[in-house]
Amino acid sequence: MLDLKQIRQQFDQVQAALSRRGVYDLSELRDLDQQQRELEGQRSQLQARSNEIGKTVGQQMRNGADPNGPEIQALRDEGNQVKAELAELEPRERDIKAQIEALLLALPNLPSDTTPNGKDETENVEIRRWGDEYLPANSESLKPHWEVGEALGIFNFERATKIAQSRFVALMGLGAALERAIFTFMLDRHTAHGYTEVMPPYLVNTASLTGSGQLPKFSEESFRCDRDDLWLSPTAEVPVTNLHRDEILPAESLPLHYCSYTPCFRREAGSYGRDTRGLIRLHQFNKVEMYKFVHPDTSEAEHQALVQDAEAILQALKLPYRVIELCTGDLGFSAIKTYDLEVWMPSSNSYREISSCSNCGDFQARRANIRFKTTGQKGTQYVHTLNGSGLAVGRTMAAILENYQQPDGSVKVPEVLQPYLKREWL
RNA sequence: GGAGAGGUGGCAGAGUGGUCGAAUGCGUCCGACUUGAAAUCGGAUGUACCGAAAGGUACCGUGGGUUCGAAUCCCACCCUCUCCGCCA
């Protein structure tokens, strides 16, 4: 959520920054804000008078005044008068406040000054590449991962479709074991780097999805259990953000670093034709997420470190990848700045997203009301939140199957996974 | 699912409808005493909004209602706990 005070005080700057993302007009918000402030002033004056009347009546009664005497009757009448005026004013103010809230919740975050301008993903900026020496030489002859996997019998799409519907997979035998090896390896790495592991609820309520920014705008993207005000979490970012919702953290406790392995559930509405085969785009997939609550002064450095922690996984797996920075047109709703990691997928002869590392500034903190307090200092500040996949597990498996496949149809197990899987070949 | 109890400040825990934003204790912070520490003593200690400030307003699970006035009374909802049943 954007800062209403900032919109009021630096209207032109905020409007300009938002316009880098697309067409947004803040003028209605500005007008409503002004109206609300006027009404609030009037209301608070009436309330002050009402309190005064109440106190005076109380005092006079204690001094033995006749409850039905003329002085008290006059005060009562005025009290009723004030009440009537408030009854007229309050609903108007509440209505305007609700409108402001709704507008604010629908606005995306302001891009960072350093985020490149651009209209869509074609204008993202490549930052660096890694692992050219690991690029498979015989790219043309390599099979797509779903063929490799089906041949090895390590996953099955048809049966998963029978169980649920399309865009689900059942991992079988070594496939299940490989999946488990991958996320266990990732968690071990991250916890060794100081991230605290979290296993959160996978069902989350509406307030949680609103806090991290998926609602109200993107309700189409999540599965809902509507009898219970619960949704299937689309990413661990949601529960982990809300770990500290409505909390005031001591400044000394920052930064908080978490990592979390969870299944993720996405409806993938509007992507019907895309990635219909394989592990790339499923309604349910596993992901290890890294998440940080940090002091605003450190968030840029924390962001760089987060990207490196994600890269370290790909490097350990010796999977070639590149880092791109998203332009303003491709930036996610809550982010001010995002780096995507894209892993090399020989079968499609392209790099595919395997991690997205975002700095959300105070946007989620404001929505979820997550603040910190420095002892001795007055007031509170919003924390900054950062999240990054480290990594998407299914896509990691896909990348391994493609990049590590052998001419004979077998797949070499990446060295760092061998101790987990207890074998060298699939 | 059935029965009951309860939701108050960081925690514990009071609060006859009338200076209650809220006693008290613990905790925390500052200070004094002390070589240092403990103990003891003194003081401070919720959040947000409006205001240059003085000060004002709101918040005692949530939303309504009664009243000049509600933490306190009424209604609805949400949540938590205990016991029973079921269950991995």
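Residues numbered from 1 in each chain as written. Chains lettered and ligands numbered in written order. Predicted model: local features only at pLDDT ≥ 70, side-chain atom pairs only at ≥ 80, totals over all residues. Heavy atoms only, no water.

A. Representation of the layout of surface pockets in the model. In this model, the second largest pocket occupies a volume close to 550 Å³. As for the second largest pocket, its lining consists of 27 residues, of which Leu 110, Pro 111, Ser 112, Asp 113 and Ile 336 are closest to the centre. Going through the elements one at a time, helix 2 (11-19), helix 10 (299-316) and strand 12 (337-345) are the ones with two or more residues in the lining of the second largest pocket. No other element matches helix 10, which puts 4 residues into the lining of the second largest pocket. (1 Å grid on protein atoms, 1.4 Å probe; cavity = no way out; pocket = protein on both sides within 12 Å on 5 of 7 lines; lining within 4 Å. Points joined across faces, edges and corners; volume = space filled by probe spheres on them. Helix = DSSP H or I, 4+ residues; strand = E, 2+ residues; numbered from the N terminus.)

B. Looking closely at the protein's contact with RNA strand B. Inspection of the region around RNA strand B gives 23 residues, with Glu 40, Gln 47, Gly 54, Met 61 and Thr 380 positioned closest. Considering the 4 Å shell around the protein, atoms of RNA strand B inside it are sugar or phosphate in 72% of instances. Side-chain polar atom of Gln 47 to a sugar or linking oxygen of RNA strand B: 2.8 Å apart, as the coordinates give it. The contact in question runs from a phosphate oxygen of RNA strand B to an N or O atom on the side chain of Asn 51, over 3.0 Å. (Near = heavy atom within 4 Å. Polar contact = N/O pair within 3.5 Å; in protein donor to acceptor, adjacent residues only side chain to side chain.)

C. Focus on the pattern of salt bridges. Enumeration over the complete set of coordinates arrives at 21 salt bridges. A salt bridge links Asp 33 to Arg 8, with the shortest nitrogen-to-oxygen separation between them at 2.7 Å. One end of the pair, Asp 33, is in helix 3 (residues 27-62); the other, Arg 8, is in helix 1 (residues 4-9), with 25 residues separating them in the sequence. A residue is classified by how much of its surface remains accessible, and Asp 33, at 5% relative accessible area, is buried. Arg 366 serves as the salt-bridge partner of Asp 362, at 2.8 Å between the closest nitrogen and oxygen. (Salt bridge = Lys/Arg side-chain N within 4 Å of Asp/Glu carboxyl O. Buried < 20%, exposed > 50% of the residue type's maximum accessible area, 1.4 Å probe, protein only.)

D. Up close: the sheet that holds strand 14 (residues 370-373). With respect to topology, 3 strands assemble into an open sheet ordered 8-14-15, the strand pairing being mixed. The open sheet has two free edges, formed respectively by strand 8 (247-250) and strand 15 (381-382), since each of these has just one partner strand. (Pairing = 2+ DSSP bridges.)

E. Quick look at the pairing of strand 14. Going residue by residue along strand 14, you find Ile 370 and Phe 372 tucked away on one face and Arg 371 and Lys 373 left uncovered on the opposite face. Of the strand pairs in this sheet, strand 8 and strand 14 are connected by 4 bridges, and their pairing is parallel. Bridge pairing links Pro 250 to Lys 373 in strand 14. Note: strand 14 against strand 15, 2 bridges, orientation antiparallel. Opposite Phe 372, over in strand 15, you have Gln 381 as the bridge partner.

F. View of the domain arrangement of chain A. What the domain assignment reports for chain A is domain 1 (27-106) and domain 2 (121-421). Distance between the C-alpha centres of domain 1 and domain 2: 50 Å. (Domains from an automatic or database assignment.)

G. Structural context of empty space enclosed by the protein. Throughout the structure, instances matching the rule amount to 1 cavity of 30 Å³ or more. In terms of lining, the largest cavity is formed by Arg 189, His 190, His 193, Asp 309, Ala 312 and Ile 313. Elements represented by at least two residues in the lining of the largest cavity include exactly helix 7 (174-192) and helix 10. The residue makeup of the lining of the largest cavity, split by class, is 2 nonpolar, 2 polar and 2 charged. (Nonpolar A, V, L, I, M, F, W, Y, C, P; charged D, E, K, R; others polar.)

H. Inspection of helix 3 at higher detail. Its 36 residues place the ends of helix 3 53 Å apart at the C-alpha level, agreeing with the 52 Å of an ideal helix rising 1.5 Å per residue. When we look at burial in helix 3, the residues that qualify are Leu 29, Leu 32, Asp 33, Gln 36, Leu 39, Arg 43, Leu 46, Ile 53 and Val 57. Against helix 1 and helix 4 (70-106) lie the buried residues of helix 3. Downstream of helix 3 by a residue or two, Gly 64 has a phi angle that is positive, lying close to 90°. (Expected span 1.5 Å × (residues − 1). Contact = heavy atoms within 4.5 Å.)

I. Quick look at the packing of helix 5 (residues 145-152) against helix 12 (residues 393-403). Here helix 5 crosses helix 12 at 85°, and the two axes come no closer than 8 Å. One element, helix 5, and the other, helix 12, form an angle in the roughly perpendicular class. Counted together, His 145, Val 148 and Gly 149 of helix 5 and Ala 398, Leu 401 and Glu 402 of helix 12 form the full contact between these two elements. Tallied by class, the residues present in the contact of helix 5 with helix 12 amount to 3 nonpolar, 2 polar and 1 charged. (Axes fitted to C-alpha atoms, helices over the stretch in contact; angles between N-to-C directions. Parallel < 35°, antiparallel > 145°, perpendicular 65-115°, else oblique.)

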